[in-house]
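# What the coordinates show
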Amino acid sequence: MNGKVEIVGVGIDRVTMAEAVDRLREYLQEERCSMVFTPNSEILIEAVKDPELEEILNKGQLVVPDGIGVVIASRFYGMPLQERVAGFDLMNRLFEVGDGLGCRIFMLGGKEGIAEEAAEKLKLRFPGLVVAGTRNGYFDAGDEAGIVEEINRSGADILLAALGAPKQEKFIFRHRDTLCVKIAMGVGGSFDVLAGRVKRAPEFYQKAGLEWFYRLIKEPRRIGRMMRLPKFILLSFYDAKTK
Ligand code: UDP
C-alpha cells in the first residue's frame, strides 16, 4: 500500500504504523527537517475552513490518520486506510527508535513545568534518549526566533511541538527552513499524558475505535468538539461523492 488518499482536500499517507515508523527512521538519516503531522477529523474540518492549514498539512513529509473518523472517511474515496496511526502511539514508537540511536529531543509545549515533568518520566522509560531542552508552549510571536535559536543550540535531532492544533503545525511550518532538527512533529496534548496529568483511554476503547467515546464520558464538556466527528463523516462523504 502506498501513496496518499486526499480527504476533504488533505493528502493522508496510506501507511500502517510499521511503515510510518520506517519513514521516521529514514528521516533521522537525512539532513533536512521532515514535518510530521497527525490530523484527526477535527483538524481536517479546521483545514477546510483554513486554507493556510490545508496547505501546511499538504506539505508535511508524513501525514498520518490520527482517528477512526479519518479511517472511515478514506473508504468513501475508495482508498481505505488500513489502520489508525494515532499520533500519541507514533510518538512513542519514535521514542523507541530514538532510544536505540541516542537521539536528542527538544520538548516544546504545554503549561509551565509540564514539558519538564514529561521529560523526567521519559528519561526513566528511555534511558538512551537525551532530552536536549524543554520549554512551555505559551509565548508571543516575537519570542519565536529566540525559541528556534534555543532549539538549534540544543543540538536536538527531534522537535516535539505540543502546542495544540493548528498552532503547532503553523509553528513548525513557519520555521521549517531555520530549524536544524531532522524531525519536527506536532503532538497536541501528549506532554500532559506523558507527565501523567491526563489519562489515555484504556486499550479496549482504543482498539474498538472508541477513544472519542471514552474522552466524552471523562470530559462531557468536549461534546461540542465531539460533534465534529459526525459532521466530518458527512462532509467527507459528500466530498467523495462529488469527486
Ligand atoms: N498549548 C500550548 N500553547 C498554547 C495552547 C495550548 O502549549 O498556546 C498546549 C496545552 O497546554 C495542551 C496542548 O497544547 O497541552 C493542547 O492539548 P489539546 O488536547 O487541546 O490538543 P489536541 O491534542 O486536541 O490538539
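Described below are features of the structure shown in this document. (Residues numbered from 1 in each chain as written. Predicted model: local features only at pLDDT ≥ 70, side-chain atom pairs only at ≥ 80, totals over all residues. Heavy atoms only, no water.)

## Structural notes on the packing of aromatic side chains
The way to describe two aromatic rings as a pair is by their centre distance and the angle between their planes. All chains considered together, the criterion is met by 7 aromatic pairs. A centroid spacing of 5.2 Å and a plane angle of 85 degrees characterise the contact between Phe76 and Phe237, whose relative ring orientation is edge-to-face. Here Phe76, found in helix α4 (residues 68-76), pairs with Phe237, found in helix α13 (residues 228-241); they are 161 residues apart in sequence, far enough to count as distant. Given the relative accessible area of 24%, Phe76 is considered partly exposed. Residue class for Phe237 comes out partly exposed when judged on its relative accessible area of 30%. One aromatic cluster is present, formed by Phe76, Phe237 and Tyr238 through successive ring pairs. For Lys167, the ring lying beneath its charged end belongs to Tyr138, and the centroid distance is 6.0 Å. Its guanidinium or amino end placed over the ring of Phe139, Lys167 lies 4.6 Å from that ring's centre, counting from NZ or CZ. (Phe/Tyr/Trp six-rings, centres within 6.5 Å; stacked < 30°, edge-to-face > 60°. Helix = DSSP H or I, 4+ residues; strand = E, 2+ residues; numbered from the N terminus. Buried < 20%, exposed > 50% of the residue type's maximum accessible area, 1.4 Å probe, protein only. Lys NZ or Arg CZ within 6 Å of the ring centre and 35° of its normal.)

## Focus: a nonpolar patch on the surface
On the surface, Trp212, Phe213 and Ile217 cluster together to form a nonpolar patch covering roughly 270 Å² of accessible area. With respect to the helices, strands and loops of the structure, Phe213 is situated in helix α11 (residues 211-218). (Patch = residues over 30% accessible without salt bridge, like charges linked within 9 Å, V, L, I, M, F, W, Y side chains within 5 Å. Areas by Shrake-Rupley, 256 points an atom, 1.4 Å probe, with all protein chains shown as cover. Salt bridge = Lys/Arg side-chain N within 4 Å of Asp/Glu carboxyl O.)

## What to know about the site of the ligand
Surrounding the ligand, one finds 14 residues, the nearest of these being Gly110, Gly137, Tyr138, Lys167 and Asp192. Asp192 is positioned with one of its side-chain polar atoms (N or O) 2.5 Å from an oxygen atom of the ligand. Interatomic distance of 3.0 Å between a side-chain N/O atom of Arg225 and an oxygen atom of the ligand. When isolated, the ligand has an accessible area of 550 Å², and the protein chains bury 73% of it. (Near = heavy atom within 4 Å. Polar contact = N/O pair within 3.5 Å; in protein donor to acceptor, adjacent residues only side chain to side chain.)

## Structural notes on the nonpolar core
With 38 residues, the main nonpolar core has Ile7, Ile12, Leu44, Leu108 and Leu159 as its most contacted residues. If you tally residues by element for this core, the top one is helix α2 (residues 41-49), at 4 residues. Apart from residues lying up to four places away in sequence, Ile12 is in contact with Gly3, Lys4, Val5, Ile7, Pro39, Leu44, Val63, Val64, Pro65, Val70 and Leu81. In terms of nonpolar packing, the next biggest core, distinct from the first, is built from 36 residues, Leu28, Leu94, Val187 and Ala195 among them. (Core = buried A, V, L, I, M, F, W, Y, C linked by side-chain atoms within 4.5 Å. Contact = heavy atoms within 4.5 Å.)

## Focus on the environment of Phe139
As for its position among the elements, Phe139 is in the loop between β6 (130-135) and α7 (144-153). Measuring from C-alpha to C-alpha, the distance between Phe139 and Glu52 comes to 21 Å, with 87 residues separating the pair along the chain. With sequence-adjacent residues up to four places away left out, Phe139 is seen in contact with Leu108, Glu144, Ile147, Leu163, Lys167 and Phe171.

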